[in-house]
Amino acid sequence: MSVQKERQMTSNYGDPVITGGLSVFDSAFDEAYFYEGNDLGAVYSAEQTRFLLWAPTAGEAWVYLYDSWDSETPDKRRMRRDAKGTWVLEAEGDLAGVYYTYTVKIGDELHEAVDPYAKAVGVNGDRGCILAPESTNPERWTEDKPPLDSHLDAVIYEIHVRDATIHPASGVQHKGEYLGLCERGTKGPGDIPTGLDHIVNLGVTHVQLLPVYDYATESVDETRLDDPQYNWGYDPKNYNVPEGSYSTDPYDPAVRIRELKQLVQTFHDRGLRVVMDVVYNHVYDGHLIHFNRLVPGYYLRYTADRQFSNGSGCGNDIASERPMVSKFIIDSVLFWAKEYHIDGFRFDLMGLLDIDTMNELRRRLDELDPSILLYGEGWNIPTELQPKRQASMANAGRLPGIGHFSDLIRNAVKGNVFDPHDGGFITGAGGLENQIRKAVVGSIPYNEELQGFALEPVQSVNYAECHDNYTMWDKIVLATGSDSALLRAAMHRLGTAIVLTSQGLPFVHAGQEFLRTKDGVENSYNAGDLVNRLDWDRCNVHQEDVAYVRELIALRQQHPAFRLHTADLIRRHLHFELAPYHSVAYTLREYAGGDPDRHLFVIYNANKERITVELPALGHWEARFGESLISFLSGERLEIEGIGMVVLGIR
């Protein structure tokens, strides 16, 4: 069947006679057919597999059983209609290893699709697979996790599975795979640690993995993994199954599951928690996705003239405000948290989802494990959902315990991401001191002049670079003239220092510690390994910068004053001090957060020339960080040579 014909089929939303005269677009449809159960999908036992499908608009439904991922002739088993628009089949016998799909009759058309609740799939994710859950566990599989007393103790490190180890000099055997990030003792140029050991040595607490669910894109075909292929993975296909291109054998449905679990276990054993990047705001192709094949018109968001809402820029926004869609998102996240022991979730374009879904998810995660992080991109994006219902930064006050990426600190530090040549505080742009101060306080309402989007610091995810847009190094190069070439590394260090000493949740992009470049490519989602891979040769050259970031992270962990838990504590203990133009100074006073120092003095200096700072008369100041920049320190006077951060303390 042609793609064009398949797409035409989804304009058929079913015969309302089947649903008692209700259209799939009616609000009454949700009231009539919302299913509360937790047993959707295929539930396996050695004696029987029970299939449960939600498809209220279908006139008939079948389970198609296949011997293999590519066999052509299915064993068709008719399902019976049950309550709340569900269809059920109890298939006797041990079906472990059998592949399956659902087929529904919508009007006079037959639609075949993967089970949206599938937990295992064949190669390229076109068919579900029935597996005994325990068969997918690695040899060591525990519920032990590294301790985390507060979300604000987290330091997040974002990485792409393939990027981490695919470089020829990574010293890793399983390059570009889940198992590659499990390897210990790997060495690169200059005998430097690479891969997992490198990450552990930095001292971060959380590794955020770019999408590792099964994604759909023409640029990655699991049947030809020997060919160079690349994608970030923001094209969801099967939400509850790992991506097969990072496994050693995508043809075996259990292998990708077992190897991702092994990666999570290895991270936990090495003191690292795992955050999963999830994309519930859109799908890869709204016409072909299983949701729309099985219940056309329900799962996606539509305009008044029945066109797909396109706030995501991908042409098919998910209708999270509809009860069965909200349920799917919550069921899916809880599945990953329980089955894979995931410790946090980063929501792509979270502002396209609704507030009620995100708050209910936070509540359910708190019941399971309150240490699980929940944050996302709360950008204000036009979509068919009313702005007051969107889980955006503008509504952060109604999203307690949920973090938002702060474009405030990103743009203040390195310049507006939408203008390649626009500079930020670190590159010499003027008038940004107050924006930096807003970042320092974690984007909370600090005073009349400094008003941010967050009610509490846990809602501010502070970053200067991530997988999106130019890396900080590339942005610095674009925004500075050739006369600044020798100062760029200092600018870069200052940007990272601001992120790691501001209140809120700090976020570091993989390779940021060694001035990562993508050769000026802004949107590298499919640019290939040469652009995206972590360059271990560059890491070797910039070991001083790696050490600098390691020391920054240690500074943050040694001084709880940099991670105050509440907005009230920040307003009480953090005081801004007088400082020369193009610098920002502040103190953290009176053992803030139980700090070992009675007072801390912090200054971010973006001036190339020497500056003199009058210190608060609080006692005898001693250097805690950035001592190499200090040319004079005595009594109440500090002189700094050049761009960077200095931290002083009083015991």
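Residues numbered from 1 in each chain as written. Predicted model: local features only at pLDDT ≥ 70, side-chain atom pairs only at ≥ 80, totals over all residues. Heavy atoms only, no water.

Looking at an unreviewed UniProt entry, one finds the protein chain named Glycosyl hydrolase family 13 catalytic domain-containing protein and attributed to Paenibacillus physcomitrellae. Recorded under Sequence similarities (unreviewed entry), the UniProt text for the protein chain is reproduced unchanged: "Belongs to the glycosyl hydrolase 13 family." (UniProt positions renumbered as here; feature names shortened; annotations may be inferred.)

Enquirer: Got a sec to walk through helix 15 (residues 543–558)? Specific residues and values, please.
Expert: Taking 1.5 Å of rise per residue, 16 residues should cover 22 Å, and helix 15 covers 22 Å from first to last C-alpha, within 8% of that figure. All buried positions along helix 15 are accounted for by Asp 545, Val 546, Ala 547, Tyr 548, Val 549, Leu 552, Ile 553, Leu 555 and Arg 556. In the core, the buried residues of helix 15 are packed alongside helix 4 (195–202), helix 12 (488–501), strand 19 (505–509), helix 14 (536–541), strand 24 (622–625) and strand 27 (644–650). (Helix = DSSP H or I, 4+ residues; strand = E, 2+ residues; numbered from the N terminus. Expected span 1.5 Å × (residues − 1). Buried < 20%, exposed > 50% of the residue type's maximum accessible area, 1.4 Å probe, protein only. Contact = heavy atoms within 4.5 Å.)

Enquirer: Quick rundown of the packing of helix 9 (residues 407–414) against helix 10 (residues 433–440)? Include the residues and the values.
Expert: Any two packed helices are characterised by how steeply their axes cross, that is the angle between the axes, and by the distance between the axes. Relative orientation of the contacting elements helix 9 and helix 10 amounts to 140°, with a least axis distance of 9 Å. The pairing of helix 9 with helix 10 is recorded here as oblique in orientation. For the element pair helix 9 and helix 10, the recorded crossing hand is left-handed. Contacts between helix 9 and helix 10 involve Leu 408, Ile 409, Ala 412 and Val 413 from the former and Gln 435, Ile 436, Lys 438 and Ala 439 from the latter. A per-class count over the contact of helix 9 with helix 10 returns 6 nonpolar, 1 polar and 1 charged. (Axes fitted to C-alpha atoms, helices over the stretch in contact; angles between N-to-C directions. Parallel < 35°, antiparallel > 145°, perpendicular 65-115°, else oblique. Left-handed = near helix turned anticlockwise from the far one by under 90°. Nonpolar A, V, L, I, M, F, W, Y, C, P; charged D, E, K, R; others polar.)

Enquirer: Describe the pattern of salt bridges, with residues and values.
Expert: Under the counting rule described, the total for this entry stands at 38 salt bridges. In this structure, Asp 197 and Arg 270 form a salt bridge, with 3.1 Å as the shortest nitrogen-oxygen distance. Of this pair, Asp 197 sits in helix 4 while Arg 270 sits in the loop between helix 5 (253–269) and strand 14 (273–278), and the two are 73 residues apart along the sequence. Under the relative-accessibility criterion, Asp 197 is labelled buried at 11%. (Salt bridge = Lys/Arg side-chain N within 4 Å of Asp/Glu carboxyl O.)

Enquirer: Talk me through empty space enclosed by the protein; I want residue IDs and the actual numbers.
Expert: In the structure shown here, the tally under the stated rule is 5 cavities of 30 Å³ or more. Taken as a whole, the largest cavity encloses approximately 70 Å³ of empty space. Taken together, Leu 40, Gly 41, Leu 52, Leu 53, Trp 54, Asp 115, Pro 116, Tyr 117 and Tyr 299 make up the lining of the largest cavity. The element contributing the most residues to the lining of the largest cavity is strand 2 (residues 48–54), with 3 residues. (1 Å grid on protein atoms, 1.4 Å probe; cavity = no way out; pocket = protein on both sides within 12 Å on 5 of 7 lines; lining within 4 Å. Points joined across faces, edges and corners; volume = space filled by probe spheres on them.)

Enquirer: Any chance you could break down the packing of aromatic side chains for me, citing the residues and the numbers?
Expert: The full count for this structure, using the stated rule, is 37 aromatic pairs. Where Trp 54 meets Tyr 298, the ring centres are 5.0 Å apart and the plane angle is 65°; that geometry is what we call edge-to-face. With Trp 54 in strand 2 and Tyr 298 in the loop between helix 6 (290–294) and helix 7 (323–339), the pair connects residues that are 244 residues apart, well separated along the chain. Judged on exposure class, the residue Trp 54 and its partner Tyr 298 are both buried. In this structure an aromatic cluster arises from ring pairing among Phe 29, Tyr 33, Trp 54, Tyr 117, Tyr 213, Tyr 239, Tyr 280, Phe 291, Tyr 298, Tyr 299, Phe 328 and Phe 347. (Phe/Tyr/Trp six-rings, centres within 6.5 Å; stacked < 30°, edge-to-face > 60°.)

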